[in-house]
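Reading the structure
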Amino acid sequence: MIQSMTGFGKAVAELPDKKVTVEIKSLNSKQLDLNVRIPSAYREKEMQLRNEVMQSLERGKIDLVVGIENIGSDTSTQINRPLFASYLEQGRAIAAQMHIAEPTDWFAVLLRLPDMVKSDAASPGDDEWTAVHGAFREAVRLLIDFRIQEGAMLQRFFEEKADRIAQLLRQTEAYEEERIEKIKNRIAEGLNRLGETDYDRNRFEQEMLYYIEKLDVTEEKKRLDNHLKYFADTLRAPHGQGKKLGFIVQEIGREINTLGSKSNHAAMQQLVVAMKDELEQVREQVLNAL
């Protein structure tokens, strides 16, 4: 079953004095592009989380965000009071010296200055990290479930488009004999307009066969049919088909283009245009396949 690279997962760890929220989001990308935002208290665990993301999600542009909300009366975050007082004294002295009005809200102004808020966050204990890690794994699981659901829709979409291209390919068979006959008649009419001009009939037949062989699309149709079957088989592969599907789509596109250039028939060319339209929709969506 194919998976999408798009997904989202969120889980919360409820602790006695805090609530830790883990959110993980994934978008399509050729490689793994992982961005992690994590509180300093859990910084030593970052590499562990990164490794688990790489093993579980494999590919995609992934954002992992861990946030802490303190719900207890005690908090490790404190205002640096001595520094606040120093800044306040200096600010008032400068205002008096330069004869400018003091801000109406010193408190809001000073809290924006560097090092005004300090945190004495300690490393998490085993119980706390077990809860946070559990929330992380739950968020990853939810993201994978999201990917599977999106992947099921992608798979149905790809199957419908591949079937449609195969149907259009079969419709070209109705024009095969008509197309060759039209080519023969057009060449014969050109010769008739020349009147009684003498020509080598054996050479003419050889040239006719050579020209018709150049316009023969039997091999292109056979290869296109094989590529479509390979595409369907790859869709049913157990895991990680995205890149391979992209390569197969390129090969399908080449055969459709060759079929169009050799068709030399208006109705067949219309079918080829319809194939290209279906394939372009596949090409856009295959970028989302894991």
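Before reading further, recall that the structure is shown in the block above.
The structure presented is a predicted model; accordingly, all values stated were derived computationally and were not measured.

**Concerning the nonpolar core**
Core analysis: the largest hydrophobic core is formed by 27 residues, its most contacted members being Phe158, Phe231, Ile252, Ile256 and Met275. For this core, the elements supplying multiple residues, two or more each, are α4 (126-171), α7 (218-235), α8 (242-263) and α9 (266-286). Not counting chain neighbours up to four residues away, the residues in contact with phenylalanine 158 comprise Ile2, Phe231, Leu235, Leu245, Val282, Gln285 and Val286. Judged by nonpolar contacts, the second largest core, of 24 residues, contains Val20, Ala41, Leu64 and Val66.

**Some points on the environment of serine 29**
Looking at where serine 29 falls in the secondary structure, it is placed in the loop between β2 (18-27) and β3 (32-37). For serine 29, a relative accessible area of 22% translates into the label partly exposed. The sequence separation of serine 29 and isoleucine 62 amounts to 33 residues, and the corresponding C-alpha distance is 9.0 Å. Apart from the residues within four sequence positions on either side, serine 29 is in contact with Met5, Arg59, Gly60 and Lys61.

**Brief notes about the sheet that holds β3**
Read from one edge of the open sheet, four strands run β1-β2-β4-β3, paired in mixed fashion. Lying at the two open borders of the sheet, with one neighbouring strand each, are β1 (7-14) and β3. With direction set aside, neighbouring strand axes in the sheet form an average angle of 10 degrees. In terms of strand pairing, β3 meets strand β4 (residues 60-70) through six bridges, oriented parallel. Residue pairing for β4: valine 36 is matched across the bridge by leucine 64. The sheet strands contacting helix α1 (residues 46-57) are β2, β3 and β4, and the helix crosses β3 at an angle near 145 degrees.

**Focus on empty space enclosed by the protein**
One simple way to see leftover space: roll a probe sized like a water molecule over the atoms. As enumerated under the stated definition, the model contains one cavity of 30 Å³ or more in all. Ranked by residue count, the leading element in the lining of the largest cavity is α4, at four residues. Residues that form the lining of the largest cavity fall into these classes: nine nonpolar, no polar and one charged.

**Focus on the packing of aromatic side chains**
For any two aromatic rings, the description comes down to two numbers: the centre-to-centre distance and the angle of the planes. Within the structure shown, the criterion is met by four aromatic pairs. Aromatic side chains tyrosine 42 and tryptophan 129 sit 6.0 Å apart centroid to centroid with 45 degrees between the ring planes, which places their arrangement in the tilted category. Taken together, the residues tyrosine 42 in the loop between β3 and α1 and tryptophan 129 in helix α4 connect sequence positions 87 residues apart. The class of tryptophan 129 is buried, set by a relative accessible area of 10%. Seen from their ring centres, phenylalanine 158 and phenylalanine 231 are 6.0 Å apart, and the 80 degrees between their planes marks the pair as edge-to-face. Taken as a pair, phenylalanine 158 in helix α4 and phenylalanine 231 in helix α7 lie far apart in primary sequence, 73 residues in all. Phenylalanine 158 sits in the buried class, given a relative accessible area of 0%. Among the aromatic side chains, those forming a connected cluster through ring pairs are Phe157, Phe158 and Phe231.

**Let's talk about helix α2 (residues 81-98)**
One turn of the α-helix equals 3.6 residues, which is why residues spaced by three or four share an orientation. For α2, built from 18 residues, the straight-helix expectation of 26 Å at 1.5 Å per residue is met to within 8% by its first-to-last C-alpha distance of 26 Å. Residues Phe84, Leu88, Gly91 and Ala95 constitute the buried set of α2. The buried side chains of α2 occupy one side of the element, clustering within an arc of 70 degrees when seen end-on. Facing away from the buried side of α2 by over 90 degrees, the exposed positions are Pro82, Glu89, Ala96 and Gln97. Elements that come into contact with the buried residues of α2 comprise α3 (106-110). Where α2 terminates, the next one or two residues include histidine 99, which has phi positive at roughly 55 degrees.

Criteria and cut-off values
Residues numbered from 1 in each chain as written. Predicted model: local features only at pLDDT ≥ 70, side-chain atom pairs only at ≥ 80, totals over all residues. Heavy atoms only, no water. Core = buried A, V, L, I, M, F, W, Y, C linked by side-chain atoms within 4.5 Å. Buried < 20%, exposed > 50% of the residue type's maximum accessible area, 1.4 Å probe, protein only. Helix = DSSP H or I, 4+ residues; strand = E, 2+ residues; numbered from the N terminus. Contact = heavy atoms within 4.5 Å. Pairing = 2+ DSSP bridges. Axes fitted to C-alpha atoms, helices over the stretch in contact; angles between N-to-C directions. 1 Å grid on protein atoms, 1.4 Å probe; cavity = no way out; pocket = protein on both sides within 12 Å on 5 of 7 lines; lining within 4 Å. Points joined across faces, edges and corners; volume = space filled by probe spheres on them. Nonpolar A, V, L, I, M, F, W, Y, C, P; charged D, E, K, R; others polar. Phe/Tyr/Trp six-rings, centres within 6.5 Å; stacked < 30°, edge-to-face > 60°. Expected span 1.5 Å × (residues − 1). Arc of directions from axis to C-beta.

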